[in-house]
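Here is what each chain is made of, one letter per residue.
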Amino acid sequence: MKNSNGSCSCVHRRRLLLGGLAATVAPFARAQGAGEVPVRLVVPFTPGTGIDMVARQIAAPLSERLKRPFFVDNKPGASGIIGTQEVVRAAPDGSTLLVSVNTLVMNTALYPKQGFNPLTDLQAVSQTSWGQLVLVAGPNARIESLKDLLDRARAKPGALNYGSPGPGTPHHLAMELLKNRARISLTHISYRGTAPALNDLLGGQIDTMFLPIHVALQHVKAGKLKALAISSDMPHPLLPEVPPLGVLKLGDLNVDMWYGVFAPAGTPRPFVDRLNSELREVLAQPAVAKSFETQGMTPAHGSPEAFGKLVAADARRWSDLIKAQGITAE
């Protein structure tokens, strides 16, 4: 724009510059955060799940440390896709975060039309913990050990069945990995959630399945379920007598679940770093660590880069398995 004597308007130029600068710094200013702006921790699964427990354990201490309210918002549906989409589409200003598990990347290969890529549309903030799965057998299955399960599956392919909370869940893919490595056949029975699958396992309608330790433990201790193996490389302190899957010596059978926090892509790095740092302190608190451990989880923390690399590697691993086993989301 020119003024009456033909020269450029400095005022106009200044306004353009300040307007562009404001658009750039606004998300950072909001992320750094006015104390009154609440932070929503979206959990893409129902209350009572391991992810929900993680979110509720970190919400209160983060509120105290960052001087702004953190609250948990459960948005279940479509194997976690509905809640995740909400975070992907949220403003990258630090007011909406995702607490998720490795189902996040398992879905990428199962649902290629989900409309987002977690590796590019989300910013890894920090891992919070590892969760272990335990392979259990129901009361009517008469399966006494891991070897017994494999022997029977090889003797009568497909005769034994196993349950899962749905296609692409860690419970499902853990068994598919075991089937792939051990070259056995079991029939998959898919449920809508862990609770109905567990009910049928306890009732004898299905033979076996993988369950999170915090879900299986009380039933194992009561003698209602038989624990056959732990998903980790080492025995678990809550079930020290149960062998790890590694005893089979069939390669990498570690199917531990990672849990962690993500932000929408484009969230200002200073906010991501601050949240990562605060989470390190929160996870080191004895009360938080004890709560995690009693639920069968191990607190874990690392840089955003380290967590991002873990997520990317896991995405490749499960994508390869899904293709090898011909698994679909049906």
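Refer to the structure printed above.
Since the structure is predicted, the reported quantities are computational estimates derived from the model, not experimental observations. (Residues numbered from 1 in each chain as written. Predicted model: local features only at pLDDT ≥ 70, side-chain atom pairs only at ≥ 80, totals over all residues. Heavy atoms only, no water.)

## A word on the overall build of the protein
Keep this limit in mind: Only DSSP runs of H or I reaching four residues or more are called helices, and only runs of E reaching two or more are called strands; each is numbered from the N terminus. Accessibility here uses a 1.4 Å probe with only protein chains present; expressed as a share of the type maximum, an area under 20% marks a residue as buried, one over 50% as exposed, and anything in between as partly exposed. Any two residues having at least one pair of non-hydrogen atoms within 4.5 Å are treated as being in contact.
Scanning the protein from N- to C-terminus turns up 12 helices and 11 strands. For the protein, the proportion of its 330 residues judged to be buried stands at 51%. A sequence separation of at least 24 residues applies to 78% of the contacts in the protein between residues at least 6 apart.

## Topic: the nonpolar core
Note the following rule: For this analysis, a nonpolar core means a set of buried residues of the types Ala, Val, Leu, Ile, Met, Phe, Trp, Tyr and Cys, connected via side-chain atoms within 4.5 Å.
One finds F70, L97, L135 and L275 to be the most contacted residues of the largest nonpolar core, which totals 62 residues. It is helix α2 (residues 50–66) that provides the largest number of residues to this core, a total of eight residues. Beyond its immediate sequence surroundings of up to four residues, L275 is in contact with L62, L66, F70, L97, V125 and V261. In terms of nonpolar packing, the next biggest core, distinct from the first, is built from 19 residues, Y191, M209, L225 and L239 among them.

## A short note on the layout of surface pockets
The line we're drawing: The rule is simple: put a 1 Å grid over the protein atoms alone, call a set of points where a 1.4 Å probe fits but cannot get out a cavity, call an open set with protein on both sides within 12 Å along at least five of seven lines a pocket, and count a residue as lining if it has an atom within 4 Å of a point. Grid points are joined across faces, edges and corners, and a volume is the space filled by probe spheres set on the points. Residue type decides the class: Asp, Glu, Lys and Arg count as charged, Ala, Val, Leu, Ile, Met, Phe, Trp, Tyr, Cys and Pro as nonpolar, and the leftover types, Gly among them, as polar.
One number sums up the size of the largest pocket: a volume of about 690 Å³. Those elements giving two or more residues to the lining of the largest pocket turn out to be α2, α7 (170–182), α8 (194–203), α9 (213–221) and β10 (257–264). Taken together, the residues of the lining of the largest pocket sort by class into 16 nonpolar, 15 polar and two charged.

## A few points about the packing of aromatic side chains
The condition is simple: Stacked, edge-to-face and tilted labels apply to pairs of Phe, Tyr and Trp rings (six-membered ring for Trp) whose centres lie within 6.5 Å, assigned for plane angles under 30 degrees, over 60, and everything in between, in that order. Charge-over-ring contacts are defined here by two conditions on Lys NZ or Arg CZ: a distance within 6 Å of the ring centre and an angle within 35 degrees of the ring normal.
In the structure shown here, the tally under the stated rule is three aromatic pairs. Between W258 and F262 the ring centres are 6.1 Å apart and the planes differ by 55 degrees, which places this aromatic pair in the tilted class. The residues W258 and F262 share a single accessibility class, namely buried. Taken together, a centroid distance of 5.1 Å and an interplanar angle of 40 degrees make the contact between F262 and F307 tilted. In this pair, F262 is assigned in strand β10 and F307 in helix α12 (residues 304–325), connecting sequence segments 45 residues apart. Members of the aromatic cluster, joined through ring pairs, are W258, F262 and F307. In this structure, R317 is placed above the aromatic ring of W318, and the distance from its NZ or CZ to the ring centre is 4.9 Å.

## Comments concerning empty space enclosed by the protein
Tallied over the entire structure, the rule returns one cavity of 30 Å³ or more. When its volume is computed, the largest cavity comes out at roughly 40 Å³. Taken together, P44, F45, S79, G80, I81, T84, S100, T103, L104, N107, Q114 and F116 make up the lining of the largest cavity. Tallying contributions element by element places helix α4 (residues 103–110) first for the lining of the largest cavity, with three residues. In terms of residue class, the lining of the largest cavity is built from five nonpolar, seven polar and no charged.

## With respect to helix α10 (residues 269–283)
Stated formally: An expected span of 1.5 Å times one less than the residue number is assigned to each helix.
Between its first and last C-alpha, α10 extends 21 Å over 15 residues, near the 21 Å set by a 1.5 Å rise per residue. Among the residues making up α10, those that are buried are F271, V272, L275, N276, E278, L279, V282 and L283.

## Examining the sheet that holds strand β4 (residues 122–131)
Rules: Pairing between strands requires that DSSP locate at least two bridges from one strand to the other. Angles run from 0 to 180 degrees between N-to-C directions of axes, and those axes are lines fitted to C-alpha atoms, restricted for helices to the stretch in contact.
Spatial ordering of the open sheet is given by β2-β1-β3-β10-β4-β11, a layout of six strands whose pairing is mixed. Looking at strand neighbours, the two that pair on one side only are β2 (70–74) and β11 (297–299), the edges of this open sheet. When strand polarity is set aside, the average angle formed by the axes of neighbouring strands in this sheet is 30 degrees. By the bridge criterion, three bridges tie β4 to β11 in an arrangement that is antiparallel. Considered in β11, the bridge of S129 is made with P299. The strands that α10 touches are β2, β3 (96–101), β4, β10 and β11; relative to β4, the one it contacts most, it runs at about 10 degrees.

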